[in-house]
Amino acid sequence: MSAPTTATDREADDGPLLDVRGLRTEFRTDAGPIVASNEVSFSLDRGETMGLVGESGAGKSVTARSLMRLIDSPGEITGGQVVFNGEDLLQKTEAEMRDIRGNRIAMIPQDPMSSLNPVMTVGEQITETIRRHQDVSKSEARQLAIESMDDVGIPDAEERIDDYPHEFSGGMRQRVLVAIGFSCEPDLIIADEPTTALDVTTQAKILDLLNEMQEREGTAVLMITHNLGVVAQTCDHVGVMYAGNLVETAELGDLFDRPRHPYTRALIDSIPEVDTDYDELPTLDGAMPDLGNLPSGCNFAPRCPHATEACRTGGDPSLDSVGDDSSRAACLHAADLDLSESTVPESGAGRRDVDRSGEPLFEVRNLKKYFNAGEGVFGNVHLSWEGGGLPTVERRHVKAVDDVSFDVYPGETVGLVGESGCGKSTVARTALRLLDPTDGEVYFEGQPLHELGTSEIRSLRREMQMIFQDPQSSLNPRKTVGQIVGRAMEKHGIATGEEKRERVGDLLERVGLSRAAASKYPHEFSGGQQQRVAIAHALAVEPKLIVCDEPVSALDVSVQAQILNLLNEIQEDENISFLFISHNIGVIRHICDRVAVMYLGKIAEFGSIEQVFSPPFHPYTESLLSAVPHANPDRETDRILLEGSVPSPINPPSGCPFQTRCPKKIGDVCEQELPELESVGGADHYISCHLSEEEMSQRDSFITPSKRAETSPADSD
Amino acid sequence: MSMYNYVFRRVGFMAVTLFFVTLIAFAVTNILPGDVALLILGPNATEQSLEALQTQLGLNRPLYVQYIDWVVGLLQGNMGESLRFGEPVSQLIAERLPRSMMLAVAATLVAVVLSVPLGVYAAVNQNEAPDVSASMFAFVGISMPIFLWGLVFILVFAVWLNLFPTGGYVSPSEDLVGSLTRLVLPAGAMGFALTAYIMRMTRSSMLEVLSEEYINLARAKGMSQRVIVLRHALKNAIIPVITVIAFQFSYAFGGVVVLEEVFFWPGIGRLTLTAIQSRDIPLIQGCILVVALIYMFSNFAADLLYAYFDPRIRYGGDD
Ligand SMILES: Nc1ncnc2c1ncn2[C@@H]1O[C@H](COP(=O)(O)OP(=O)(O)O)[C@@H](O)[C@H]1O
Ligand code: SF4
Ligand code: SF4
Ligand SMILES: [Mg+2]
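As the structure is a computational prediction, the values presented were derived from the model and not from experiment.

1. Points about the domain arrangement of chain B
Point 1. One can read the domain layout of chain B as domain 1 (2-75) and domain 2 (96-314).
Point 2. With centres defined by C-alpha atoms, the gap from domain 1 of chain B to domain 2 of chain B works out at 33 Å.

Take a look at the structure:
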């Protein structure tokens with residue numbers, strides 16, 4: 001146990017807090033060694049925040065874990081120095097490292113759901129860190145733990161300290177992790193994707209908290225993320241990683257104003273921004289090379305639009321300073337290239353028009369889906385001890401979808417957006433009769449799905465396909481891609497034999513794969529390619545409607561842009577309708593014609609993108625939109641941070657479902673009366689709120705048309 | 001509150017299961033070939049005496065009446081009278097059950113004490129020498145049926161080394177030492193045979209837990225390996241193992257039937273065998289019921305322990 005050292009005697013006044021020099025970490029794999037962190041060098045001053053960005057597999061986490069010497073076999077740190085407070089951590093013994101971990105360098109992990117031990121109370125998990133590193137008694141440690149829970153904004157810390165992790169919401173668990181991270185007042189916090197698993201509204205709160213804690217404690221932060229919006233909001237300077245190498249480092253402003261590496265430019269460009277209109281997202285074609293099989297020249301050359309002959313030979317360029325600003329880049333042409341302009345294709349006339357004069361293709365009216373609370377036959381039977389005396393037996397329900405209505409016209413994309421658990425996926429599954437609705441009506445081309453028998457539904461399945469977040473789960477791993485796509489055609493009598501083979505080939509090309517892909521198995525493809533196979537599979541039966549449930553959420557931004565473009569293109573060609581579920585507002589904004597904002601099983605607002613993203617706003621929509629981090633450091637939005645967390649759908653609030661968190665709540669009406677989903681301004685724009693149109697219009701539109709390239713610091717206020 | 005709900009649900013389930021068990025026990029014994037009256041009176045009995053006995057035993061009434069009669073009797077604690085022994089079934093069972101229990105509990109204890117530490121040790125040293133040898137040791141245990149282990153143990157520890165008696169049973173209240181020395185071999189043999197499953201479950205459960213994010217975080221907090229293994233990992237890893245232990249306990253009860261023959265252990269296993277051999281219907285029914293009850297209760301106990309160790313169940317996930 002190391003005695004707590006005070007800030008003053010730690011400080012080695014000269015030199016940065018952390019100086020990483022030529023760090024190299026390798027993994028021994030069956031296919032030979034791979035270098036996940038290759039000669040990485042950077043430094044970080046006290047109190048500073050550095051971002052580390054890049055696609056997944058770029059080596060961000062490995063680099064971060066190497067700093068704490070938390071690399072397990074078959075991995076090994078094979079070179080370099082990690083100078084922290086003037087001492088090289090790579091020379092320390094394991095016991096000395098244990099005194100540093102959690103004490104001088106702490107980690108805030110990505111996933112609040114799996115990073116806390118489920119059988120220990122949060123109090124135990126905080127105090128054990130404190131007692132491990134500070135010479136305090138049990139009760140003192142407990143007091144410190146309560147204080148640290150207070151600091152990170154966990155209400156009633158004193159009572160909640162003995163609760164178990166599952167009794168906290170995702171956002172609250174992340175706060176617990178932040179509390180653990182800061183509990184010993186470390187000099188450096190390594191936050192590995194600390195908000196990736198969270199909803200935008202929670203993400204905004206956690207980022208604010210991190211900023212605040214950091215300012216208060218003077219802690220340096222290494223922020224690992226693939227979200228450039230998060231970087232723009234929190235970091236002082238940034239490192240961009242690609243294929244195990246740091247390819248660019250720069251101060252935040254410089255990085256966004258004038259990226260020096262083509263990869264950085266491409267990363268910034270592939271994010272669909274809420275305030276920008278695109279016909280097509282600029283994409284970064286291809287994928288990061290396999291770390292075990294790197295190209296002979298610049299690692300980025302196969303995907304780089306600026307690559308020349310020189311780039312393809314002579315090894316990977318080293319990271320050198322460029323220009324007169326803070327930037328360093330690993331690109332042969334960094335000095336000659338001007339990447340300050342984004343390569344966003346010119347936006348055209350705006351979105352195509354959907355013809356809504358005819359009948360809707362798909363219509364959902366007053367749909368309800370209640371689940372039994374709990375599992376099994378007796379699962380929802382609950383003993384209620386309220387009211388004293390003998391307990392009474394009652395049945396409880398989770399009202400996952402509660403009175404939802406919307407329609408989808410041919411060739412239209414309707415989005416469902418909302419925080420996780422608000423019922424988006426259940427709407428889709430119930431509407432398609434993958435689940436039996438509790439109540440309500442669903443029409444497909446005028447046919448009442450809710451009345452049809454299973455065999456009739458089965459024949460309609462051909463017209464309605466689904467694409468999921470995880471393509472792997474929907475692709476049979478033992479079948480080749482050709483068999484998977486072909487079988488769908490056969491089952492619905494679309495094509496057989498040679499014709500089928502022809503069509504499968506055509507389809508695979510259509511979704512951007514090669515004909516040869518037909519003979520491969522799903523696992524031989526990357527995540528993005530698997531999603532393409534899933535799309536080909538859905539298209540095989542020539543459906544009229546495809547329900548996409550978070551289809552791009554598991555993908556890197558560059559791949560996400562490719563898939564979104566593909567979906568748009570297909571819609572244009574085949575006039576297919578999409579019901580598109582996502583929690584990513586930028587994605588929804590980019591791909592949908594109309595959108596329904598859901599909260600606690602109900603629709604809070606429904607209308608076209610222009611209507612929903614412009615005033616009047618439902619208070620929930622407003623806070624949701626305001627919380628989206630923009631990948632533009634000059635842009636300040638005044639964010640509305642919601643109090644508390646989403647109430648349990650077993651026991652929803654009376655009146656307006658949003659009333660427990662609504663910043664604009666009027667009072668009794670909101671608590672007693674459920675607001676109707678009513679048309680505002682006589683248009684096809686529906687909001688469920690007691691406020692007047694005026695009261696809902698106090699903020700400017702989130703999509704005031706502006707092309708990204710034109711957004712300069714001058715016109716942001 | 002939720003723990004009550006949990007128990008409440010489980011008891012509901014048990015009641016339903018128990019109903020089916022009585023149905024099955026009743027059905028099986030009535031489908032068994034052989035006329036009970038004939039069995040009792042022998043092949044030379046007259047039609048009349050057979051009929052008289054059937055009437056006396058109530059065997060010519062409709063099956064559902066016999067069933068209801070039996071169940072009503074059960075509810076009053078009356079399991080009928082053994083045809084073979086002429087004693088109440090409940091008394092026969094009450095006498096033998098504790099002996100079998102003693103054996104099964106001791107065997108399970110031996111298995112747990114051997115397997116859990118071995119499993120943890122193997123997981124922590126995954127794919128290294130200690131892991132391989134622990135797995136080998138456990139594998140030997142399941143490579144032979146329980147009764148063969150019984151014979152091997154008798155041969156080695158009783159006949160060759162002459163450490164323990166070859167079999168028999170002495171009540172612990174009469175002669176504690178004698179009782180325990182006779183328990184060692186059968187419990188050891190069965191425990192050894194049970195070790196493999198529990199140890200493999202412990203090992204794989206530990207491996208899974210050790211790769212969890214919270215273990216990663218514990219390391220990042222500076223916790224020592226010992227604390228991580230014992231405090232963070234084992235507490236989680238043991239939860240699924242408990243179910244396996246309960247299953248092994250039920251399994252031990254099955255093993256008891258055979259092992260009691262090998263070790264001359266007068267428990268419920270030998271009683272069941274005798275009952276079946278002599279078509280003693282009330283006794284067979286009683287034995288089936290009791291063994292089924294033990295299965296059910298050991299699983300119920302497992303679930304309660306599971307709930308106790310897993311706070312997600314203990315406090316209910318939803319309120
Ligand atoms: N335990 C491991 N064994 C083999 N390779 C690994 C291991 N951990 C990470 N890697 C490899 O290291 C590379 C970088 O991974 P990582 O640092 O997790 O990327 P990022 O955090 O940027 O998404 C990947 O190619 C990954 O396959
Ligand atoms: S070195 Fe060449 S290929 Fe690599 S990033 Fe620069 S321009 Fe592109
Ligand atoms: S009805 Fe009331 S509580 Fe609900 S959103 Fe409107 S103002 Fe807020
Ligand atoms: Mg990572």
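2. Some remarks on the site of ligand 1
Residue and element names in this part refer to chain A.
Point 1. Close to ligand 1 lie Phe 27, Ala 36, Glu 55, Ser 56, Gly 57, Ala 58, Gly 59, Lys 60, Ser 61, Val 62, Pro 74 and Leu 291, which account for all nearby residues.
Point 2. Between ligand 1 and Ser 61 there is a distance of 2.6 Å, counted from an oxygen atom to a side-chain nitrogen or oxygen.
Point 3. Here Val 62 contributes a backbone N or O atom positioned 2.7 Å from an oxygen atom of ligand 1.
Point 4. Considering only residue class, the shell around ligand 1 consists of six nonpolar, four polar and two charged.

3. A word on the UniProt feature "domain: ABC transmembrane type-1" (unreviewed entry) in chain B
Point 1. Taking the numbering used here, the UniProt-annotated feature "domain: ABC transmembrane type-1" (unreviewed entry) corresponds to residues 97-306 of chain B.
Point 2. Split by type, residues 97-306 of chain B is 83% helix and 0% strand. Its first and last C-alpha atoms lie 26 Å apart.

4. Details of the pattern of salt bridges
Should the charged atoms of two oppositely charged side chains come close, the side chains can pair.
All names here are of chain A.
Point 1. Across all of its chains, the model carries 48 salt bridges over all chains by this definition.
Point 2. Put simply, Arg 356 and Glu 412 hold a salt bridge, and the shortest N to O gap is 2.6 Å. Of this pair, Arg 356 sits in the loop between strand E12 (328-329) and strand E13 (362-372) while Glu 412 sits in the loop between strand E16 (397-408) and strand E17 (413-417), and the two are 56 residues apart along the sequence.
Point 3. Classification of Arg 356 by relative accessible area gives partly exposed; the value is 33%.
Point 4. For Arg 510, the salt bridge identified is with Glu 569, shortest N-O distance 3.6 Å. You can see Arg 510 sitting in helix H16 (residues 497-510) and its partner Glu 569 sitting in helix H18 (residues 557-574), a full 59 residues away along the chain.
Point 5. One network of salt bridges, with partners in common, ties together Arg 356, Asp 407, Glu 412 and Arg 594.

5. Thoughts on the pairing of strand E21 (residues 545-549) of chain A
Residue and element names in this part refer to chain A.
Point 1. The element E21 is largely enclosed, with a buried count of five among its five residues.
Point 2. Side chains Leu 545, Val 547 and Asp 549 project from E21 onto one buried face, and the interleaved Ile 546 and Cys 548 project onto a second face that is buried too.
Point 3. Bridge count for E21 against strand E22 (residues 577-582) is five bridges, and the pairing is parallel. In the strand pairing of E22, Val 547 is matched with Leu 579.
Point 4. Note that the unit made of E21, H18 and E22 has a crossover that is right-handed.

6. A short note on the packing of aromatic side chains
Two descriptors summarise a pair of aromatic rings, namely the distance from one centre to the other and the angle between the planes of the rings.
Point 1. Considering all chains together, one arrives at 19 aromatic pairs over all chains under this definition.
Point 2. With a centroid separation of 4.7 Å and 55° between ring planes, the pair formed by Tyr 599 of chain A and Tyr 620 of chain A is classed as tilted. On the criterion of sequence distance, the pair formed by Tyr 599 of chain A in strand E23 (residues 594-599) and Tyr 620 of chain A in helix H21 (residues 619-626) is long-range, its members being 21 residues apart. Of the two residues examined, Tyr 599 of chain A and Tyr 620 of chain A, each falls in the buried class.
Point 3. Residues Phe 26 of chain B and Tyr 67 of chain B carry aromatic rings whose centres are separated by 5.3 Å and whose planes lie at 70° to one another, so their mutual orientation is edge-to-face. Placement of the pair is Phe 26 of chain B in helix H1 (residues 2-31) and Tyr 67 of chain B in helix H4 (residues 63-75), with a sequence separation of 41 residues.
Point 4. Assessed through its relative accessible area of 9%, Phe 26 of chain B is described here as buried.
Point 5. Accessibility expressed as a relative area gives 14% for Tyr 67 of chain B, which makes it buried.
Point 6. Three or more aromatic residues link up through ring pairs in this structure, and these residues are Phe 137, Trp 149, Phe 153, Phe 157 and Phe 192 of chain B.
Point 7. Positioned above the aromatic ring of Phe 168 of chain A is the side chain of Arg 160 of chain A, whose terminal nitrogen or guanidinium carbon lies 4.0 Å from the ring centre.
Point 8. Seen from the ring of Phe 85 of chain B, Arg 84 of chain B lies directly overhead, with NZ or CZ sitting 5.2 Å from the centre.

Conventions we followed
- Residues numbered from 1 in each chain as written.
- Chains lettered and ligands numbered in written order.
- Predicted model: local features only at pLDDT ≥ 70, side-chain atom pairs only at ≥ 80, totals over all residues.
- Heavy atoms only, no water.
- Domains from an automatic or database assignment.
- Near = heavy atom within 4 Å.
- Polar contact = N/O pair within 3.5 Å; in protein donor to acceptor, adjacent residues only side chain to side chain.
- Nonpolar A, V, L, I, M, F, W, Y, C, P; charged D, E, K, R; others polar.
- UniProt positions renumbered as here; feature names shortened; annotations may be inferred.
- Helix = DSSP H or I, 4+ residues; strand = E, 2+ residues; numbered from the N terminus.
- Salt bridge = Lys/Arg side-chain N within 4 Å of Asp/Glu carboxyl O.
- Buried < 20%, exposed > 50% of the residue type's maximum accessible area, 1.4 Å probe, protein only.
- Pairing = 2+ DSSP bridges.
- Right-handed = clockwise from strand over helix to strand, strands pointing away.
- Phe/Tyr/Trp six-rings, centres within 6.5 Å; stacked < 30°, edge-to-face > 60°.
- Lys NZ or Arg CZ within 6 Å of the ring centre and 35° of its normal.

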